[in-house]
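Descriptive analysis of the structure
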Amino acid sequence: MTTPALDLMATLRSGNSTAPRLTWYGPDAERVELSGRVLDNWVAKTSNLLQDELDAAPGMRLRLELPAHWKALVWALSAWQLGLEAVLAEPDADFLVTADPQSADGNYDAVIAVALPALAMRWSGELAPGCIDYAAEVRSHGDVFMSHADPDPHACAIVDSRGRGYLHGELFDTFAVAHEEGVRLHIPASDGLEKALAHALGAWKQGGSVVLTHPDVELTDKLLAAERIHGS
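Residues numbered from 1 in each chain as written. Predicted model: local features only at pLDDT ≥ 70, side-chain atom pairs only at ≥ 80, totals over all residues. Heavy atoms only, no water.

Looking at an unreviewed UniProt entry, the chain carries the name TIGR03089 family protein, with the source organism given as Arthrobacter nitrophenolicus.

Quick look at the structure:
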């Protein structure tokens, strides 16, 4: 059974799969550009980690304790591809994905530490026993994802900051923000992860792409021109 997230991933890895779909500007002149194919590979590897190592299955909950960042978007897409519910605020979840594992609260089946620097090959510093190092583990997983169980389109995919839930089958119609066809959309990370997800989904739905910028990155005319940001 298909869902909008599964359809999106199929679109990203087919057709014009070499075109940029997600570009990140971070601190210290960091720039990461993911084509549709590369974005799909990251999502597939992350989904395989969840499914094969952690026995993640449709209906389970994954808490995303991450800032608006390209890796956070990868994790959300992975959760939706598996049919999980992405949790942005509530502590009650099966899995915790965090950039600050030392401050983890609540009881989880697994805690996954995500190093945010693009070139990080592993977590810098000590991790608690049992905590999974995403950067060190994800690259060993396959680039193709084969689900063990179909996601349920009628199950909850995400709950927004106002407590409203959105179903997997309705992500594009109710949660995603509408954008123009082929948009090259700028998304400021300072607006938060929820808005970044909603705007990115809306842009990708229309065959567009997004440029996500860290709050410390100055949005200059040179950057806007270089990234060909257009549309709304």
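What follows continues from the structure just given.
Observations regarding empty space enclosed by the protein
Inspection of every chain in the model, using the stated rule, returns one cavity of 30 Å³ or more. Space inside the largest cavity adds up to approximately 30 Å³. Lining the largest cavity we find L73, L77, W80, L197, A200, L201 and W204. Looking at the lining of the largest cavity, the elements with two or more residues in it are α3 (70-82) and α6 (193-205). Considering every element that reaches the lining of the largest cavity, the biggest residue donor is α6, with four residues. Taken together, the residues of the lining of the largest cavity sort by class into seven nonpolar, no polar and no charged. (1 Å grid on protein atoms, 1.4 Å probe; cavity = no way out; pocket = protein on both sides within 12 Å on 5 of 7 lines; lining within 4 Å. Points joined across faces, edges and corners; volume = space filled by probe spheres on them. Helix = DSSP H or I, 4+ residues; strand = E, 2+ residues; numbered from the N terminus. Nonpolar A, V, L, I, M, F, W, Y, C, P; charged D, E, K, R; others polar.)

Quick word on unusual backbone geometry
Phi is positive for D28, which is not a glycine, with a value near 60°. As for its position among the elements, D28 is in the loop between β1 (20-26) and β2 (30-35). Positive phi outside glycine occurs at R228, with the angle close to 55°. Here R228 lies in the segment after α7 (221-226).

Quick look at the pattern of salt bridges
Overall, the coordinates contain twelve salt bridges when judged by the stated rule. Notably, a salt bridge pairs R31 with E33, separated by 2.6 Å at the nearest N-O pair. Here R63 ties to E65 by a salt bridge, and the two come within 3.0 Å at their closest N and O atoms. Classification of R63 by relative accessible area gives buried; the value is 9%. On the accessibility criterion, E65 (24% relative accessible area) is partly exposed. A single network of salt bridges, built from pairs that share partners, joins R31, E33, R184 and E227. (Salt bridge = Lys/Arg side-chain N within 4 Å of Asp/Glu carboxyl O. Buried < 20%, exposed > 50% of the residue type's maximum accessible area, 1.4 Å probe, protein only.)

So, α6
Between its terminal C-alpha atoms α6 stretches 18 Å, which fits the 18 Å expected from 13 residues at 1.5 Å a residue. Taken together, the buried positions of α6 are L193, A196, L197, A198, A200, L201, G202, A203 and W204. G207 sits one or two positions beyond α6 and adopts a positive phi of about 75°. (Expected span 1.5 Å × (residues − 1).)

Quick look at the sheet that holds β1
Within the open sheet, the four strands sit side by side as β2-β1-β11-β10. Their pairing is mixed. Each edge of the open sheet is held by one strand with a lone partner, namely β2 and β10 (184-188). This sheet shows a mean twist of 15° between the axes of neighbouring strands, independent of strand direction. Strands in contact with helix α2 (residues 36-54) are β1 and β2; relative to β2, the strand with the most contacts, it is inclined by about 95°. (Pairing = 2+ DSSP bridges. Axes fitted to C-alpha atoms, helices over the stretch in contact; angles between N-to-C directions. Contact = heavy atoms within 4.5 Å.)

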